[in-house]
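Topology and contacts: notes
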Amino acid sequence: MPKGVTVDERGRLNNFAIEPEMYVEQSSIGFTQQAEQLNGRLAMIGLLSALAIELLTGRGVIAAFTNGLF
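Heads up: these notes are all about the structure in this document. (Residues numbered from 1 in each chain as written. Predicted model: local features only at pLDDT ≥ 70, side-chain atom pairs only at ≥ 80, totals over all residues. Heavy atoms only, no water.)

**A word on the overall build of the protein**
- Looking only at helices and strands, one finds two helices and two strands in the protein.
- When the 70 residues of the protein are sorted by exposure, 6% land in the buried category.
- Roughly 6,800 Å² of accessible area belongs to the protein as shown, and the carbon and sulfur atoms make up 61% of that amount. (Helix = DSSP H or I, 4+ residues; strand = E, 2+ residues; numbered from the N terminus. Buried < 20%, exposed > 50% of the residue type's maximum accessible area, 1.4 Å probe, protein only. Areas by Shrake-Rupley, 256 points an atom, 1.4 Å probe, with all protein chains shown as cover.)

**Observations regarding helix α1 (residues 33-57)**
- Between its first and last C-alpha, α1 extends 36 Å over 25 residues, near the 36 Å set by a 1.5 Å rise per residue.
- G58 occupies a position one or two residues after α1 and carries a positive phi of about 80°. (Expected span 1.5 Å × (residues − 1).)

**A word on a nonpolar patch on the surface**
- On the surface, L38, L42 and I45 cluster together to form a nonpolar patch covering roughly 300 Å² of accessible area.
- Mapped onto the fold, L38 is located in helix α1. (Patch = residues over 30% accessible without salt bridge, like charges linked within 9 Å, V, L, I, M, F, W, Y side chains within 5 Å. Salt bridge = Lys/Arg side-chain N within 4 Å of Asp/Glu carboxyl O.)

Geometric descriptors of this kind do not, in isolation, establish any biological role.
Right, dumping it as structure tokens:
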């Protein structure tokens, strides 16, 4: 059979049914791989900073900010 020719369920030729090419555009907003990597890295930096403040001052992060350490 030539390209672009299809047969329906009754076996009849349909010369006009050529399906278009389908594609999906990638969005640059939302839950993208780059955004999730950045969020994870910033969360790790924040956790390590909170741990360092607690180790250096002997108090938690909230206590350090409320008592005027920073």
